[in-house]
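Structural features, examined
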Amino acid sequence: KEAVEVMNVHSRASAGDIGGIQNTVGNEKQEKIIDNFLNQSNQVKKVVVDDIEFSRAELFLKKAILLHKSAIRNEDESKLAEAFALLEKAKALEPANIEILLEMAKILVVLTPDDPTDEEAILEQIELLFQSPKDDETAFYLAQARYMLATSNIKHIDEDLLRKAKNTFHLLGHAHMVADCDE
């Protein structure tokens, strides 16, 4: 059989139901829609909704973000582990996706608070892969990774990385992140 490359979706789901998760607190409707797409077939490489494409890795990422937010809100560590497992699936599909890598590092900070080496390894990978970001979004994610890496060891703050993160946040107009760097 040939692998199914694209699933065009003609349903009540809109791209807004799937996308925009970064700005939501968590939404059961989004989770159910994403689960539906992920469960359709392992052969589906991407989903098109309202002419917007979502790769399978992006769907895993979006579901993981929802689980992460729910885990924090409900203090449920099992959801963090589930989110991390989804991110591992996403990373297997798109190993150089900065959003996936950054979300993995964020979850590891919570899952392994006494051992920063695992998230530091991912953050260093981001630093190496995206030294010269091609767009503002990637620059923002890189700055987040640099901030996290610079502050991962409370006893030794990496001032150079912190300065790089702060400069990028400033250039991108993220005053709240610049303030975080100053604290």
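So, here is what we can say about the structure in this document.

Rules of the game
- Residues numbered from 1 in each chain as written.
- Predicted model: local features only at pLDDT ≥ 70, side-chain atom pairs only at ≥ 80, totals over all residues.
- Heavy atoms only, no water.
- Phe/Tyr/Trp six-rings, centres within 6.5 Å; stacked < 30°, edge-to-face > 60°.
- Helix = DSSP H or I, 4+ residues; strand = E, 2+ residues; numbered from the N terminus.
- Buried < 20%, exposed > 50% of the residue type's maximum accessible area, 1.4 Å probe, protein only.
- Patch = residues over 30% accessible without salt bridge, like charges linked within 9 Å, V, L, I, M, F, W, Y side chains within 5 Å.
- Areas by Shrake-Rupley, 256 points an atom, 1.4 Å probe, with all protein chains shown as cover.
- Salt bridge = Lys/Arg side-chain N within 4 Å of Asp/Glu carboxyl O.
- Expected span 1.5 Å × (residues − 1).
- Arc of directions from axis to C-beta.
- Contact = heavy atoms within 4.5 Å.
- Core = buried A, V, L, I, M, F, W, Y, C linked by side-chain atoms within 4.5 Å.

As for the packing of aromatic side chains
The tally for this structure, following the rule as stated, stands at two aromatic pairs. Each ring, one from Phe-140 and one from Phe-169, has its centre 5.7 Å from the other, and the planes form 65°; the classification is edge-to-face. In this pair, Phe-140 is assigned in helix H7 (residues 136–150) and Phe-169 in helix H8 (residues 159–172), connecting sequence segments 29 residues apart. Judged by relative accessible area, which is 17%, Phe-140 ranks as buried. A connected cluster of aromatic rings, assembled from ring pairs, spans Phe-140, Tyr-141 and Phe-169.

Considerations on a nonpolar patch on the surface
There is a patch of nonpolar side chains on the surface, built from Ile-72, Val-109 and Val-110 and spanning about 220 Å² of accessible area. With respect to the helices, strands and loops of the structure, Ile-72 is situated in helix H3 (residues 56–74).

Here's the deal with the pattern of salt bridges
By the definition in use, this model includes four salt bridges. Between Glu-127 and Arg-146 there is a salt bridge whose closest N-O contact spans 2.8 Å. Within this pair, whereas Glu-127 is found in helix H6 (residues 117–129), its partner Arg-146 is found in helix H7, the two being separated by 19 residues in sequence. Look at Glu-127 and you get buried, because its relative accessible area is 17%. Taking the shortest distance from any N to any O, the salt bridge between Arg-163 and Asp-160 comes out at 3.6 Å.

What to know about H6
For H6, which comprises 13 residues, the first-to-last C-alpha distance of 18 Å matches the rise-based estimate of 18 Å (1.5 Å per residue) to within 8%. Inspection of H6 places Glu-119, Glu-120, Ile-122, Leu-123, Ile-126 and Glu-127 among the buried residues, and these make up the whole buried set. Across the axial projection of H6, the buried residues extend over an arc of 160°, all falling on one side.

Topic: the environment of Ala-96
Note on placement: Ala-96 falls in the loop between helix H4 (77–93) and helix H5 (98–111). Taking C-alpha positions, Ala-96 is 8.2 Å from Ile-126, a pair spaced 30 residues apart along the chain. Contacts of Ala-96, omitting those with residues within four sequence positions, involve Leu-129 and Phe-130.

Describing helix H9 (residues 175–182)
Buried within H9 are the following residues: Met-177, Val-178 and Cys-181. The buried side chains of H9 occupy one side of the element, clustering within an arc of 105° when seen end-on. Structural note: H9 exposes Ala-175 and His-176 on the side pointing more than 90 degrees away from its buried face. Turning to H9, the residues buried within the fold contact H7 and H8.

Some remarks on the environment of Leu-171
Among the secondary structure elements, Leu-171 is positioned in helix H8. Distance in space between the C-alpha atoms of Leu-171 and Phe-140 is 9.8 Å, their sequence separation being 31 residues.

As for the nonpolar core
Ranked by size, the top nonpolar core spans 40 residues in total, and within it Leu-87, Ile-100, Leu-102, Ile-122, Leu-123, Ile-126 and Phe-169 carry the most contacts. Looking at this core, the elements that each hand over two or more residues are H3, H4, H5, H6, H7, H8 and H9. Sequence-distant contacts of Ile-122, that is, excluding residues within four places in its chain, are made with Leu-101, Met-104, Ala-105 and Leu-108.

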